[in-house]
Amino acid sequence: MDVNGVNQIIGALGIVHSPTSSNVERRQAQDFLERIKQQQESPYWGYQLALPDNNNDYIVKHFGLSLLQSSISNHYDDFDLNKQITVRNWIIELSNKLLGKDPHYMKEKLAFLWVDLAKRSWGTLLYKQISDTNNDMSGSENGNNNASNDNDNNSSRALSNEDLLESWKDMDKDLWQLWNLNACTRELTFIIFRTLFEDIYILEDPIAIMRAKELSSLCPEIVTSSKILSLKYEPNEQLSLFRASDEGWLITWSNLLQECLNNLNSIKDKDNAEYKTSENFVIKILQTLKTCLHWILPIAIREAHILARLTQCFMFSRNVTIRILATESLHALFTRSFSDQEDFSEIVGAIFTKDGINMLSQGYHSIQLDPDDIDDQLYSLLKKMVEMILGLTEYLNTNTGKVRAFELAPTSDIRGYLNLVLETTNNESLIVSGLSLQFWSSVLRIDQLASKPEYQELLPKLLEVASNRLINYEDFNDELPAKKYLEVDFEEQSDISVFLANYRKLMDDVVRITVCQKPKDGLNWLEARLNQFYCSPLGQENIANNHLTYKGDGAECYIYGYSQFIIIEACIRGISRWHIWYDDKHEDKQQKAEYLNTLVESLCEKLLMLQIKDPLLLRKQVQTLVQFSPLLKDFSNNLMFRVLEKVILSCTYEYPENSTDEERENIRDLRTSCGTELNRLAYLMPESLKVILNDLEVAISNILSSNKVTDHEAVAFKSFLLVVSQRSSIDNKVERFSKIVDPELAAWSDPTTEKGLLELPWFMERLGIVKIAEYFQSRGITSTTNLLDAEMDDTGRNLKNELKKHWSSVFPIRATRIFIQYSIEKLPHDSEEYQNLLKLWKPRIQPILPHILQLIHQIQSYHDPNNWQDLPVEVQSFVKYSCMERFWQQGVSIQSKETFMEENVKAMHTLRDFADSVGHIVRYTREYSYLTIGSISELEETLYEVPNMATQLWQAVAGSSVGITLHSWRHLINLVLRCVIKNCPLKFVDTFMAELLPQVLTTLDNLLLKNWERIYLKGLQLSGNEDDQTLSEEMMEEHLLRQLTAVVDRMLIDLVGQLGHGKLNELQKAIRNLIFNNANILAIFLQLLNHIILFKDTRCSYNAILIMRNLISDVLLRDEEVDKYITNTFIKTLVTIINDPFFADCKSEAGYLLTSMYLALRKKHQYPQDFLNDLINEISNGTDDKKSGSDNMFSIKQLEEILNKTQSIRMQKNMMVTFITVDSNSDLEGTNGAGSGFNNNGTNRKKDLEEANNSRKKKTDGSNIEDYTGLNNLFGDDV
């Protein structure tokens, strides 16, 4: 290149990087530089630009290296041997000329180029000598051994000088030359080794995968000393040609590490030049060791004294970065595989000695954090250190059914280790604390371990720690240290809530299983704890205060009082588990059980004596008391009857005079909750209650006639009597059933009910809207009146009270649903009780089904603005208000929950309350109607055998869909569709489901498409000037749409299953058979699934991909039209997903699906190859700064050759992803290559490394879809 050409490049780079350049100028400059990259001479130009001798600035030098990188990545296979050697020599020369003043990114870029060459050429012709029998990339000692043995057993020609030159025989020698040249080039060797090891052993680098055999044989060869290799393997002359030192790199690194540590310990001035150099080398050595300790021979690690060096770094308090890297390296070392007892004992066994555990303990306690000023780096060290400590727990599970090759020495300090783990559990940071919970939860379930003395001694401490953590952290004010750590750990409040829910669940599990292990001690401990708490000032206030503070400042009394009941429930479940675990094979089972029963009885007595006055705390007390029923029902009926009395009294808890709206709401919640607990008692102990059923009927009759309860609350008492009568062995069940159920169901045929369901105007009149309209007219309310400004007067209050009483019985839907659900809850369908109930319910339900569907239809019509046209304008305005959904969602709503609630309370004193109340009763009735359909679906064929029922049902719930909000759609799918799908009897799949699915899938596909398009459009229209309210509404709509899409995902899983989501049940198999053999249903099903994959929601897309992966083998190669459709849609979709950075979390699974899909299709068809090739070329040619189709590192035919040769699906996937990935990261601004954190294919290298080092923690079982149960499971789990 002449001087003019160089100046043109320099000028273009100046324009690209200048902040004053226009977009047009910058684009023209970039286009020019891209054309330079495509020239055959670009490697030479790159070399010239990067040479230090030419005195170019670093932007120009970096671009020169990028030209070399581009040529290697895209054209290396086209180079002849002479050009390959020339380019290699240029890179070696540039590396040797690296200067100390050169910036770090230049070193990273050079290392990346070196490794790029090594992956393509180092040991290339060894393949002729090594039989292709092992494609394992684990890098274990077996890999090198196999290579050696294969070499010995193959008689093939020796490598010629040309072969050796092509195979870069002298790479190790070149690296030693860099090592010995100066400190700067020595640092470069570490970066080269780190990058090389990452690509070969950690990242799924496509080039490294293709040459896994040679590369994974050469790395151990040059890293390990000749002495160790000769101990493990037979001599291998071919491999030994590639090493330049008998000592090997590991010993060299270890010696330098010790030398640098000595310097750091002896030099006190941290600004000293030698100190800084030593510090830098320690960091570089540790970064390199972290990448290779899991595959280097353990005996080589021992020879180099690596463990001793790492522990010195681990305890080096003057540099946190060094400690972090040492911790990560130790974690890699401790969790690697071992094949020799001596290696295991010298490495893992050494850390379990008393000195080793003391060292870990000192390291852990040396980290002191201030929650008011959290040091991010120290906090990161703490979390990594605890992860490393817990990584050792796998070595405790010996002789417990888990196959392990080696055991710890009898002298191992297991007791000290367990105490250290417990200290981490008690850490102030809940994230750190939570790291050990799965260990405790698992180890306590292993009898062989939990029964050992060192574990038994620890249980009281563990119980205390876990119990202290069973609190609602969300309710504390923000000054709590634990909450300050959570603010650092999470960005979104919703993520904190999910974490805390899981944290409490695991802590509860630990308490439960600990009490199961030591039931007597556990109950005695619990009694002492409760005595201590309720004798304290906090406990005394807990009992005496009528209205506690529930959140924020001053909420400690309520929080800790509530926590006591949570702990009691966990302990009671622990005792229940003990009765199962400590089976009758133990001779003292009955004796111990009787003693425990007395303790449980005593505990329940004391709990009953607590006279809690606060409604919310009383509600929890009642729930806890009911938890005793499974244990006490068989031997202490009198005590349980007292519990029943407590529940009934709480159901009728009186409203104090002059109580506030908030207090009345809390009491209403208490009464409703206790109604549920009343029915739980009936469900848990019907036989015990049978003996007093007549007395109960009289008592409940008196309560109902006393007007102490509302019609809603009365239903709970009636259902209680129903459940006891139908689940016990009492006589005259049919008569008792009829006496309770028939009067309620008769309301469906009442003339006023039938009239209210006939037409929408009558429905509105039935709701009382006519009366409200008349009142509004008397107040002069018009369509423009702001109802929030119109105060409620006495007339309005009287009307409101009248309507509230009317609304409680306006339609008999709630009683219908509760009677059905409570009576059959958790009953096996083959049980006598269920079959008897089915005979009673079926003839009663089928006649009222049309009424229930008509009710749903009228509610949906009520929400449709098109049906309001004939109403007076002021009534239209009122109805519009009543249809508005107002709710608060954490992490989405701008205003606080408290502010939202305050606004609602204020609205209750204005005329807006009429609209809110009508809206509430309409939505409440709709939800209970949905729930009722769900309950009816559990009555076997009752719903499904009715002719044309699928269409009638869908027309009722979705026929008038204009006014159905996203929130309501979500409820509809969860509470109706999913229940109807999951409960469909097998014999009705081919009729009922065949009728329902086409309508459902089509409607949902159109619904999601329309709403996602609107979200995309609104996203483009946002100007950034919206106020909080507007922004909140935008966020809320998008949030609700994501929730709806997730629920559709879940519904599809109900239909056909999902990869990793467990085995298919018989119903899913039948539905799959229906869908896959019905072209019309399959078409819309695949279309919906394809759209969900493309929607901008990674969770939904990820789960949809897993659904498709689970069915692809049953869909492909059966129908050519289906194969073509999948080729034209799904392949295009998956290529889009893989190339879109938004879907980074889905990329791996999308790659697996695309690979398996393509391989299956290519067994039979040619067009998938043509389509994919055309698609890649189209995408490449349609973008800027990207590789063209011809620039790909291999053609599609070469891709197929590689796919056919490779047996590993992971490697196949990686090759496919590499082939279709279009690089969108331009080199021009230094954003590509290892120096900037990006791989050749444009992926984030740092993120890829984190994911790989986390051992692919992402779950593929679909469990990250939240299951919405609503009121479906009224009682929850017993134990």
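Under an unreviewed UniProt entry, the protein has the name Exportin-5 C-terminal domain-containing protein and belongs to Pachysolen tannophilus NRRL Y-2460.

Engineer: What is the right way to read the overall build of the protein from this model?
Structural biologist: A count of helical and extended segments in the protein gives 64 helices and 0 strands. The long-range fraction of contacts in the protein, counting pairs at least 24 apart against all pairs at least 6 apart in sequence, stands at 76%. For the protein, the accessible surface area stands at approximately 53600 Å², while carbon and sulfur atoms represent 48% of it.

Engineer: Just checking my understanding: could you explain empty space enclosed by the protein for this structure?
Structural biologist: Empty pockets left among the atoms are what a rolling probe the size of a water molecule brings to light. With the rule as written, the count across this model stands at 6 cavities of 30 Å³ or more. If you trace the largest cavity, you find it lined by Ala50, Pro52, Lys61, Leu65, Leu94, Lys97, Leu98, Leu99, Asp102, Met106 and Leu110. Of all the secondary-structure elements, those providing two or more residues to the lining of the largest cavity are helix H4 (58-75) and helix H6 (104-121).

Engineer: Honestly, the environment of Ala1083 in this entry has me stumped. Any pointers?
Structural biologist: On the secondary structure map, Ala1083 appears in helix H57 (residues 1079-1094). Distance from Ala1083 to Tyr1125, taken between C-alpha atoms, is 8.8 Å for residues 42 residues apart in sequence.

Engineer: Looking at this model, I keep getting lost on helix H31 (residues 537-544). Mind explaining?
Structural biologist: Two residues of an α-helix separated by three or four positions point the same way, owing to the 3.6 residues in each turn. Turning to H31, its buried residues number three or more, namely Gly539, Asn542 and Ile543. Considered in projection along H31, the buried side chains sweep an arc of 90 degrees and stay on one side of the axis. Seen from the open side of H31, the exposed residues pointing more than 90 degrees away from its buried face are Pro537 and Ala544.

Engineer: For this particular structure, what's the right way to read the packing of aromatic side chains?
Structural biologist: Here the distance between the centres and the angle between the planes together describe a pair of aromatic rings. In total, this model carries 48 aromatic pairs according to the counting rule given. Aromatic side chains Trp176 and Trp249 sit 3.8 Å apart centroid to centroid with 10 degrees between the ring planes, which places their arrangement in the stacked category. Note that Trp176 is positioned in helix H9 (residues 171-181) and Trp249 in helix H15 (residues 249-266), a separation of 73 residues in sequence. For the pair Trp176 and Trp249, a shared accessibility class is recorded, and that class is buried.

Engineer: Even after reading the chapter, I still don't get the pattern of salt bridges, so can you show me in this structure?
Structural biologist: If the charged atoms of two oppositely charged side chains come close together, the side chains can form a pair. Scanning the entire structure with this criterion turns up 58 salt bridges. The closest approach of N and O atoms between Lys690 and Glu687, which form a salt bridge, is 3.3 Å. One end of the pair is Lys690 and the other is Glu687, both in helix H38 (residues 686-690) and 3 residues apart, which spans about a single turn. Lys690 gets classed as partly exposed once you look at its relative accessible area, which sits at 25%. Residue classification places Glu687 among the partly exposed positions, given a relative accessible area of 40%. Each of Asp116, Lys119, Arg120, Asp199 and Asp205 takes part in a single network of salt bridges with overlapping partners.

Engineer: It is not clear to me how the environment of Leu681 should be interpreted in this structure. Could you clarify?
Structural biologist: Mapped onto the elements of the fold, Leu681 is located in helix H37 (residues 661-684). The exposure class assigned to Leu681 is buried, which follows from its relative accessible area of 1%. Measuring from C-alpha to C-alpha, the distance between Leu681 and Ser629 comes to 7.1 Å, with 52 residues separating the pair along the chain. In this structure, Leu681 is in contact with Val626, Ser629, Met640, Leu644, Val647, Pro686 and Leu689, ignoring residues within four places of it in sequence.

Engineer: How do you make sense of unusual backbone geometry when you look at a structure like this?
Structural biologist: As a rule of thumb, non-glycine residues mostly have phi less than zero, and peptide bonds are mostly trans rather than cis. For Trp168, which is not glycine, the phi dihedral falls at a positive 50 degrees. Inspection of the secondary structure assignment puts Trp168 in the loop between helix H8 (161-166) and H9. Classification of Trp168 as buried rests on a relative accessible area of 2%. With a phi close to 40 degrees, Asn732 is a non-glycine residue in the positive phi region. Along the chain, the position of Asn732 falls in the loop between helix H40 (711-727) and helix H41 (733-745). Its relative accessible area of 40% is what places Asn732 among the partly exposed residues.

Engineer: Can you help me understand the packing of helix H62 (residues 1196-1205) against helix H63 (residues 1209-1220) in this one?
Structural biologist: Packed helices, taken two at a time, are described by their axes: the angle between them and the distance between them. It is at 10 Å that the axes of H62 and H63 come closest, and there the two elements cross at 170 degrees. Taken together, the axes of H62 and H63 are roughly antiparallel relative to one another. On H63, the residues that touch Ile1196, Leu1199, Ile1202 and Leu1203 of H62 are Gln1212, Met1215, Met1216 and Phe1219. Within the contact of H62 with H63, the residues separate by chemical class into 7 nonpolar, 1 polar and no charged.

Engineer: Even after reading the chapter, I still don't get the confidence of the model for the protein, so can you show me in this structure?
Structural biologist: The predicted structure's coordinates, where accompanied by low pLDDT, should not be read in detail. For the protein, mean pLDDT is 87; residues scoring 70 or higher make up 89% of the total. With pLDDT under 50 throughout, residues 398-403 is counted as low confidence; its partners more than four residues away or in other chains account for 10 contacts. A low-confidence stretch, residues 1184-1191 (pLDDT under 50), is modelled with 23 contacts involving residues beyond four sequence positions or located in other chains.

Engineer: Please clarify how the environment of Ala304 should be interpreted in this entry.
Structural biologist: If you trace the backbone, Ala304 turns up in the loop between helix H17 (298-303) and helix H18 (306-314). You can call Ala304 buried: its relative accessible area is 3%. Remark: the alpha-carbon pair of Ala304 and Ser254, spanning 50 residues in sequence, is separated by 6.1 Å. In this view, Ala304 contacts Leu250, Ile251, Ser254 and Arg309; residues no more than four positions away in its chain are not counted.

Engineer: Would you explain the packing of H4 against H6 in this entry?
Structural biologist: In contact at an axis separation of 10 Å, H4 and H6 are set at 15 degrees when each is read in the N-to-C sense. The orientation of H4 relative to H6 falls into the category roughly parallel. Seen from above, H4 lies across H6 with left-handed handedness. Side by side, H4 and H6 meet where Tyr58, Lys61, His62, Leu65, Ser66, Leu68, Gln69, Ile72 and Ser73 of the first sit next to Tyr105, Met106, Lys109, Leu110, Phe112, Leu113, Asp116, Leu117 and Arg120 of the second. Of the residues in the contact of H4 with H6, the class split is 10 nonpolar, 4 polar and 4 charged.

Engineer: Mind showing me how you'd approach the side chain of Lys620 here?
Structural biologist: Within the fold, Lys620 resides in helix H34 (residues 615-626). Excluding its chain neighbours within four sequence positions, the residues that come into contact with Lys620 are Tyr562, Phe565, Ile566 and Glu569.

Engineer: Can you walk me through a negative patch on the surface in this structure?
Structural biologist: A surface patch of like charges, here negative, comprises Asp370, Asp373, Asp375 and Asp376. For Asp376, the position within the fold is in helix H22 (residues 376-391).

Engineer: Would you take a moment to explain the side chain of Asp413 for this structure?
Structural biologist: With respect to the helices and strands, the residue Asp413 is situated in the loop between H22 and helix H23 (414-425). We note that Asp413 is buried and unpaired, the nearest opposite charge coming from Lys354 at a distance of 4.2 Å.

Engineer: What am I meant to see in the state of the cysteines here?
Structural biologist: A covalent bond bridging the sulfur atoms of two cysteines is what the word disulfide describes. Enumeration according to the criterion identifies 0 disulfides in this entry. Here Cys260 is not cross-linked by a disulfide; its sulfur's nearest cysteine counterpart is in Cys313, at 9.5 Å. With no disulfide of its own, Cys1100 lies 9.5 Å from the sulfur of Cys1146, the closest cysteine sulfur. Relative accessible area serves as the criterion here: at 1%, Cys1100 is assigned to the buried category.

Quick notes on the rules
- Residues numbered from 1 in each chain as written.
- Predicted model: local features only at pLDDT ≥ 70, side-chain atom pairs only at ≥ 80, totals over all residues.
- Heavy atoms only, no water.
- Helix = DSSP H or I, 4+ residues; strand = E, 2+ residues; numbered from the N terminus.
- Contact = heavy atoms within 4.5 Å.
- Areas by Shrake-Rupley, 256 points an atom, 1.4 Å probe, with all protein chains shown as cover.
- 1 Å grid on protein atoms, 1.4 Å probe; cavity = no way out; pocket = protein on both sides within 12 Å on 5 of 7 lines; lining within 4 Å.
- Points joined across faces, edges and corners; volume = space filled by probe spheres on them.
- Buried < 20%, exposed > 50% of the residue type's maximum accessible area, 1.4 Å probe, protein only.
- Arc of directions from axis to C-beta.
- Phe/Tyr/Trp six-rings, centres within 6.5 Å; stacked < 30°, edge-to-face > 60°.
- Salt bridge = Lys/Arg side-chain N within 4 Å of Asp/Glu carboxyl O.
- Axes fitted to C-alpha atoms, helices over the stretch in contact; angles between N-to-C directions.
- Parallel < 35°, antiparallel > 145°, perpendicular 65-115°, else oblique.
- Nonpolar A, V, L, I, M, F, W, Y, C, P; charged D, E, K, R; others polar.
- pLDDT = per-residue confidence, 0-100.
- Left-handed = near helix turned anticlockwise from the far one by under 90°.
- Patch = residues over 30% accessible without salt bridge, like charges linked within 9 Å, V, L, I, M, F, W, Y side chains within 5 Å.
- Lys, Arg positive; Asp, Glu negative; His and termini not counted.
- Charge placed at Lys NZ, Arg CZ, Asp CG, Glu CD.
- Disulfide = S-S within 2.5 Å.

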